[in-house]
Amino acid sequence: MTTPQFLQQQREHPEPEESGRPVPRLVLILIGGLLAWAMYYLYAHYTPMPSLVGDNRVAEDFTVAVSADGAQLYTANCVACHQANGNGLPGVFPPLANSEWVIARDPGVVTQIILHGVEGPLTVAGTTYSGIMPNFRDTFSDAEVAAVVNYLRTHFGNAATQTDAAHVAQVRAATEQRSTPWNGDEDLQPLLAQ
Ligand code: HEC
């Protein structure tokens with residue numbers, strides 16, 4: 001590339017003012033002043049934050065004590081067989097509504113049934129069933145058993161006295177050795193008679 005134009009460009013120096021235009025001194029002074037002021041500001045206003053001031057709440061402060069909900073436990077664990085209205089299924093699953101086992105004077109009877117389950121012929125309101133009622137001794141805490149027992153004894157038209165976790169604990173301790181379900185009427189009638 002040796003066109004005359006190119007040679008001219010090679011020969012020429014840049015315009016002097018283009019490379020030598022300094023930042024105005026006033027602007028530099030202004031920037032320096034701002035930097036100095038910012039550093040002074042940080043230095044003068046810095047307060048170390050003592051941890052006392054922080055949020056000292058721990059995870060436990062946020063947990064709400066939830067009490068066992070009988071209705072919810074019933075829906076989750078019993079409805080499939082005993083149905084939402086507590087009437088069971090004729091000939092297959094016995095009713096809880098007006099069942100002599102549920103409304104027995106001693107709430108310990110139904111507590112035992114829930115803890116250990118039942119197998120073998122069981123008569124409920126005049127009809128004999130022979131199904132399998134699962135046990136809940138490992139699934140439910142004492143408070144949860146109490147909540148379910150109270151739910152059964154005060155719903156589906158039932159109106160019987162209530163129990164509490166302490167009573168469930170006693171009932172549980174009394175049959176701690178038991179690892180098999182109650183054998184229907186044979187095992188449970190004596191409890192009802194007590
Ligand atoms: C898999 C089905 C099934 C589930 C789930 C079930 N049961 Fe039962 N339940 C039965 C059967 C079947 C019997 C009768 C057992 C027999 O014939 O020996 C029974 C009997 C009972 C009895 C005594 C008889 C009566 O009708 O009063 C009670 C009380 C009872 N169940 C309560 C409950 C509660 C409370 C739950 C939930 C925590 C529950 N059952 C979950 C099937 C079930």
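Residues numbered from 1 in each chain as written. Predicted model: local features only at pLDDT ≥ 70, side-chain atom pairs only at ≥ 80, totals over all residues. Heavy atoms only, no water.

The protein chain goes by Cytochrome c in an unreviewed UniProt entry, where it is assigned to Yanghanlia caeni.

*Asks:* I'd like a description of the overall build of the protein chain, backed by residues and values.
*Replies:* Assigned secondary structure in the protein chain consists of nine helices and four strands. Along its sequence from the N terminus, the protein chain presents helices and strands in the succession α-α-α-α-α-α-β-β-β-α-α-β-α. For 194 residues, the compact-globule estimate of 2.2 N^0.38 gives 16 Å, and the C-alpha radius of gyration of the protein chain, at 41 Å, exceeds that figure by more than 25%. By its C-alpha atoms, the protein chain is 120 × 55 × 35 Å across when sized along the principal axes. When burial is assessed residue by residue, the protein chain has 27% of its 194 residues classed as buried. Element-wise, carbon and sulfur atoms account for 59% of the exposed surface of the protein chain, whose accessible area totals about 13600 Å². One way to put it: in the protein chain the 9 positive side-chain charges average out to a point 10 Å from where the 19 negative ones average out. (Helix = DSSP H or I, 4+ residues; strand = E, 2+ residues; numbered from the N terminus. Rg over C-alpha atoms; globule rule 2.2 N^0.38 Å. Buried < 20%, exposed > 50% of the residue type's maximum accessible area, 1.4 Å probe, protein only. Areas by Shrake-Rupley, 256 points an atom, 1.4 Å probe, with all protein chains shown as cover. Lys, Arg positive; Asp, Glu negative; His and termini not counted. Charge placed at Lys NZ, Arg CZ, Asp CG, Glu CD.)

*Asks:* Give a detailed account of the coordination of the iron atom of the ligand, specifying residues and quantitative values.
*Replies:* Tetrahedral coordination by four donors sets the ideal angle at the metal to 109.5 degrees; octahedral coordination by six donors sets it to 90 or 180 degrees. Protein coordination of the iron atom of the ligand is provided by H82 (NE2) and M133 (SD), with donor distances spanning 2.0 to 2.1 Å. Relative to the metal, the six donor atoms surrounding the iron atom of the ligand lie at angles of 88 to 180°, and the coordination shape comes out octahedral. With a gap of 51 residues between them, H82 in helix α5 (residues 79-82) and M133 in the loop between β3 (127-129) and α7 (142-154) connect regions that are remote in the sequence. (Donors = N, O, S within 2.8 Å, 3.2 Å for Na, K, Ca; no water. Tetrahedral: all angles 85-135°; square planar, octahedral: opposite > 155°, others 65-115°.)

*Asks:* Break down a nonpolar patch on the surface for me, citing the residues and quoting the values.
*Replies:* On the surface, V23, V27, L28, I31 and L35 cluster together to form a nonpolar patch covering roughly 450 Å² of accessible area. As for its position among the elements, L35 is in helix α3 (residues 25-45). (Patch = residues over 30% accessible without salt bridge, like charges linked within 9 Å, V, L, I, M, F, W, Y side chains within 5 Å. Salt bridge = Lys/Arg side-chain N within 4 Å of Asp/Glu carboxyl O.)

*Asks:* Describe in detail the packing of aromatic side chains, supporting the description with residues and values.
*Replies:* Under the defined criterion, the tally for this structure stands at five aromatic pairs. With a centroid separation of 5.3 Å and 55° between ring planes, the pair formed by Y74 and F156 is classed as tilted. Within this pair, whereas Y74 is found in helix α4 (residues 70-77), its partner F156 is found in the loop between α7 and α8 (165-174), the two being separated by 82 residues in sequence. Both residues of the pair, Y74 and F156, belong to the buried class. Ring geometry for F136 and F140: centres 4.9 Å apart, planes at 20°, overall stacked. The pair formed by F136 and F140 is uniform in burial state, with each residue classed as buried. Each residue in the set Y74, Y151 and F156 is aromatic and connected to the rest through ring pairs, giving one cluster. Between R178 and the ring centre of W182, over which it is positioned, the NZ or CZ distance is 4.1 Å. (Phe/Tyr/Trp six-rings, centres within 6.5 Å; stacked < 30°, edge-to-face > 60°. Lys NZ or Arg CZ within 6 Å of the ring centre and 35° of its normal.)

*Asks:* Quick rundown of the UniProt feature "transmembrane region" (unreviewed entry) in the protein chain? Include the residues and the values.
*Replies:* Mapped onto this numbering, the UniProt entry gives "transmembrane region" (unreviewed entry) at residues 23-43. With 90% helix and 0% strand, the stretch residues 23-43 has end C-alpha atoms that lie 29 Å from each other. (UniProt positions renumbered as here; feature names shortened; annotations may be inferred.)

*Asks:* Lay out α4 with the relevant residues and their values.
*Replies:* Within the span of α4, buried status applies to G70, L73 and Y74. Buried residues along α4 cover an arc of 100° about the axis, so they all sit on one side. Projecting away from the buried face of α4 at angles above 90 degrees are the exposed residues T75 and A76. Structurally, the start of α4 carries an N-cap: the backbone nitrogen of A71 is 3.1 Å from a side-chain oxygen of D69. (Arc of directions from axis to C-beta. Polar contact = N/O pair within 3.5 Å; in protein donor to acceptor, adjacent residues only side chain to side chain.)

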